[in-house]
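# Breakdown of the fold
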Amino acid sequence: MAVLQEYKCPCCNGAIEFDTGLQKMKCPYCDTEFDIADLQAFDEALKEKPEENMQWESQAGQQWQEGETDNMRVYTCNTCGGEIVADETTGASECPFCGNPVIMTGQFAGDLRPDLVIPFKLDKKAAMEALRQHYKGKVLLPKVFKDENRIKEVKGIYVPFWLFAADAQGFVQYKATRVRCWSDSRYNYTETSFYNVVRGGGLGFDNVPVDGCTKMDDAMMESIEPYDFSEAVDFQTAYLSGFLADRYDVSAEQSIERANQRVRASTEAAFADTVHGYTTVTPVSSNINLQNTNAKYALLPVWVLNTRWNGENYTFSMNGQTGKLAGDLPMDKGLFWKWFLGLAGIISAAVFAVSYLVWLW
Amino acid sequence: MKRTISFLLLLLCLSLLAAPFASAVMPMVTDDASLLSDGERSSLEAMLQQLSDTYSVQIAVVTTDSAEGYNMDSLVEYIYDTYDYGYGTGNDGVLLLIAMDVREFRILSNGFAGDAIGAYEIDAISEAITPDLSAGFYADAFETFAEECEYYLEGYLYGYSFDFSTNLLIAVVIGVVISLIVVLIMKGQLKSVKLQKHANSYVRSGSFNLTQSGDYFMYRNISRTPRPQDNSSGGGSRSGGGGSRHVGGGRF
């Protein structure tokens, strides 16, 4: 069994959680607030304590088949002793029996220890409110979806990200043309001047995030960017208390390709912005070198809202720091055609009426 | 006395004889190039006659094998003036002249007809008849010419009628296109999940430095295309004396 960590209130021994509003740990039972650093020190001291061992063997139940438990980990809740079965990547969760927040410290130990974490700034209520705002102004959203919408679950998840930093050195070559037209009494003339344009230089990138978790959709995670990394702090497991967390299951090496694509696109766009005064500009070759590269492992806050409608799952994600929410919504096909035909009718009638008035006038 | 009476009788007879010639001026259709069959000719004549009577404007067609080297604009004016086309004191009339050797045509409008059918209308009529002329459907072309003249004369006198079907069609097309754009925008609002193309939010501020920048001229291409020779000759217009004259036309 893997090691589990719970943060207990030094005053009342209740399980304490990270409070997004205070940006501190707070005991929900006795309302005592703790600074993360203080708690960490206290926690270190507690680690010296020998662990209890009160386990016994039991023959009840069947053995797991081989391979069946490959993707599972079993933990024992420190508070109630209940058995917590979790995914092998789960890093923070709550006990299904006593509801206390638990952190699987082993998931963040050694090489797996994140460098940075951006603590949640927005709470569950903000996520629900953001979703309501998300529905607003969407004319083709089925009314039933809005009305019947009971969000099945709202989860605050620390999603593992790789943050890539690099100095990009680029050299881009363009073919450009400038076109001039004039005419005399007999001919129209078109003069096309061809240019070879070169641009070279450097551009620095910090913290380009790439989703390191296969459970989260990459496009969804990129849709709620950007994050403000000036608010990132050194990782402390305490921040995870009260939220879910996963450890990465996509390695930095696997993620680097995605970061490169974005760095390349941005570098090329920066150079292209410096090419002015041409009719057409076509990039011929581009050479991007990355220097001083480094990758950091970070946990970023994401609220995930799930709902089901018409037999389909709809997932929304909200940036737990900025409140930016993304998630595709279903379309009411009937409404689509109603709007299309209605608008076409009204506009046609209006145009026709105007043409008649113009004729009368 | 007897001589005087007989002289007066002669004068009366002469004037009676001369009267039809004076008023009947030139025929509606003068087909020197023989572009029309007898049947086509007579039905065209009947049509033009009826129109001419209705609007008191002579609408005539002249075809000739050869312009004999004359400038078409001058030729149509020469024919119109020399043969005294047009009705009334203002010589109100429209004349379509076709010369087969140069394959050109001109439309001249004069007097009241010149007010109703100006340069713009002549261009429109030219455009309407050119395809039939090019294809050799002369009878059809002349019929179109007559109909167009009627349309503009009628429009000038009583106001143009509202073209219901064309206006409706245009209105529906505009309505459908705008509506489609609007609903597609609405549909687009429902989608918010997509991969980011750039990493612009993560560019270290002020880190962009351009170390190499060169724009090198390679070569130059000049191509020329002949200007589309205006198929319709500009023609001329002038006004004066309670009416105006316009000439226009083109090749076919």
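Just above, that's the structure.
Anyway, here's the lowdown on the structure attached to this text. (Residues numbered from 1 in each chain as written. Chains lettered and ligands numbered in written order. Predicted model: local features only at pLDDT ≥ 70, side-chain atom pairs only at ≥ 80, totals over all residues. Heavy atoms only, no water.)

## A closer look at the nonpolar core
The following threshold applies: By nonpolar core we mean a set of buried residues, namely Ala, Val, Leu, Ile, Met, Phe, Trp, Tyr and Cys, connected to one another through side-chain atoms within 4.5 Å. Throughout, exposure labels follow a simple rule: accessible area from a 1.4 Å probe, protein chains only, divided by the maximum for the residue type, with under 20% read as buried, over 50% as exposed, and the rest as partly exposed. By the criteria applied, helices consist of DSSP H or I runs no shorter than four residues and strands consist of E runs no shorter than two, each listed in order from the N terminus. Here, residues are in contact when the closest pair of their heavy atoms is within 4.5 Å.
Judged by nonpolar contacts, the single largest core of 81 residues is most densely connected at A:Met25, A:Tyr158, A:Leu240 and A:Phe316. Among the elements that take part in this core, strand β13 (residues 280–309) of chain A stands out by supplying ten residues, more than any other. Leaving out residues up to four positions away in the same chain, A:Leu240 has contacts with A:Ala92, A:Ile103, A:Phe108, A:Tyr158, A:Phe235, A:Ala245 and A:Leu299. Formed by 36 residues, the second largest nonpolar core is a distinct cluster that contains B:Val29, B:Leu35, B:Val61 and B:Leu133.

## Some thoughts on the packing of aromatic side chains
Note the threshold: Two aromatic rings, drawn from Phe, Tyr or Trp (for Trp, its six-membered ring), form a pair once their centres lie within 6.5 Å of each other, and the interplanar angle then sorts them: stacked below 30 degrees, edge-to-face above 60, tilted otherwise. We call a charge positioned over a ring when the NZ of a Lys or the CZ of an Arg lies within 6 Å of the ring centre and within 35 degrees of the ring normal.
What the rule picks out here adds up to 31 aromatic pairs over all chains. With a centroid separation of 5.7 Å and 55 degrees between ring planes, the pair formed by A:Phe271 and B:Phe208 is classed as tilted. Placement of the pair is A:Phe271 in helix α5 (residues 252–272) and B:Phe208 in the loop between α7 (164–189) and β5 (209–226), with the two residues belonging to separate chains. Between A:Phe352 and B:Phe164 the ring centres are 5.2 Å apart and the planes differ by 80 degrees, which places this aromatic pair in the edge-to-face class. Highlighted residues: A:Phe352 in helix α6 (residues 333–360) and B:Phe164 in helix α7, drawn from two different chains. Among the aromatic residues, those joined into a cluster by ring pairs are A:Tyr135, A:Phe145, A:Trp309, A:Tyr314 and A:Phe316. Here B:Arg224 stacks its cationic end above the ring of A:Tyr187, 3.9 Å away from the centre of that ring.

## Some remarks on the sheet that holds strand β1 (residues 17–19) of chain A
Residues and elements named next belong to chain A. Applied cut-off: In this description, strands pair whenever DSSP reports at least two bridges between them.
Strand order in the open sheet formed by three strands is β1-β2-β3, with antiparallel pairing between adjacent strands. The sheet is open, and its two borders are formed by β1 and β3 (33–34), each paired with just one other strand. The pairing of β1 with strand β2 (residues 24–26) spans three bridges and is antiparallel. Pairing of Asp19 across the sheet is with Lys24, part of β2.

## Points about the pairing of strand β14 (residues 312–319) of chain A
Residue and element names in this part refer to chain A. Relative to β14, β13 runs antiparallel, the two being bridged by eight bridges. Note that in β14 the partner of Arg308 across the bridge is Asn313. From the end of β13 to the start of β14, which pair antiparallel, there are two residues, and Asn310 there has a positive phi angle of about 55 degrees. As defined by bridge partners, β14 adjoins strand β15 (residues 325–326) across two bridges and the pair is classed as antiparallel. The residue bridging Met318 from the neighbouring strand is Leu325, located in β15.

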